[in-house]
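# Structural description and commentary
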Amino acid sequence: MHETMVAQSLLSTISAEAAKRSAKPVSAKISCGVLNAINDDVLCFAFDAIAKDTACEGMKLEIEHKQLQGRCKSCAEIFEFELCQPVCPKCGSGDFELQPDAALVLEEIEFSTE
Ligand SMILES: [Zn+2]
């Protein structure tokens, strides 16, 4: 399952970072594109399951879904593409190209300060 693989890779990255700092991670912020289709609940559940008995146990994951972006061919404006209104918000042109979907990124990890 997609989310399980993502959870595993997050866990290994966070564990490595935690070991480097000798600190306990309490939460992490992740962002991904809408086409990545990560299910928040499934990911958190998968993460909880594999994080049990590790330094990451009980961590909170916050997932931000980034909108697909379009780039206007007339004025080069980069904007958040919306299916219900697929035009450039700056000049109103419908001639644009879609930018690649945002990758899954681990934005930040918060560690316990104790
Ligand atoms: Zn434009």
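Above: the structure in question.
Small disclaimer: the values here were computed from a predicted structure and weren't measured.

### Brief notes about the coordination of the zinc ion
Note on the zinc ion: its protein donors are Cys72 (SG), Cys75 (SG), Cys88 (SG) and Cys91 (SG). The metal-donor distances range over 2.3 Å. Seen from the zinc ion, its 4 donor atoms lie at angles of 107 to 115 degrees, and the figure they make is tetrahedral. One chain supplies every donor to the zinc ion, and in sequence these donors are spaced C-x2-C-x12-C-x2-C. Highlighted residues: Cys72 in strand S3 (residues 69-72) and Cys91 in the loop between strand S4 (78-80) and strand S5 (96-98), separated in sequence by 19 residues.

### Focus: unusual backbone geometry
Residues other than glycine seldom take positive phi values, yet Ser22 does so here, at roughly 50 degrees. In this structure, Ser22 sits in the loop between helix H1 (2-21) and strand S1 (25-33). Take Ser22: its relative accessible area is 70%, and that puts it in the exposed class. Although it is not a glycine, Ala37 sits at a positive phi angle of roughly 50 degrees. Secondary-structure assignment places Ala37 in the loop between S1 and helix H2 (40-51). Overall, Ala37 belongs to the exposed group, its relative accessible area being 52%.

### A word on the packing of H1 against H2
Here H1 crosses H2 at 50 degrees, and the two axes come no closer than 9 Å. Judged by the angle between their axes, H1 and H2 are oblique. Classified by chirality, the crossing of H2 by H1 is right-handed. Across from Glu3, Thr4, Val6, Ala7, Gln8, Leu10, Leu11 and Ile14 in H1, the residues of H2 making contact are Val42, Leu43, Ala46, Phe47, Ile50 and Ala51. Residue composition of the contact of H1 with H2, by class: 11 nonpolar, 2 polar and 1 charged.

### What about the pairing of S3?
What you see with S3 is a clean split: Gly70 and Cys72 sit on the buried side and Gln69 and Arg71 on the side with no burial. Between the antiparallel neighbours S3 and S4 lie 5 residues, among them Ala76 with a positive phi of about 70 degrees. Pairing geometry for S3 and S5, over 3 bridges, is antiparallel. Along S5, the bridge assignment pairs Cys72 with Phe96.

Conventions and cut-offs
- Residues numbered from 1 in each chain as written.
- Predicted model: local features only at pLDDT ≥ 70, side-chain atom pairs only at ≥ 80, totals over all residues.
- Heavy atoms only, no water.
- Donors = N, O, S within 2.8 Å, 3.2 Å for Na, K, Ca; no water.
- Tetrahedral: all angles 85-135°; square planar, octahedral: opposite > 155°, others 65-115°.
- Helix = DSSP H or I, 4+ residues; strand = E, 2+ residues; numbered from the N terminus.
- Buried < 20%, exposed > 50% of the residue type's maximum accessible area, 1.4 Å probe, protein only.
- Axes fitted to C-alpha atoms, helices over the stretch in contact; angles between N-to-C directions.
- Parallel < 35°, antiparallel > 145°, perpendicular 65-115°, else oblique.
- Left-handed = near helix turned anticlockwise from the far one by under 90°.
- Contact = heavy atoms within 4.5 Å.
- Nonpolar A, V, L, I, M, F, W, Y, C, P; charged D, E, K, R; others polar.
- Pairing = 2+ DSSP bridges.

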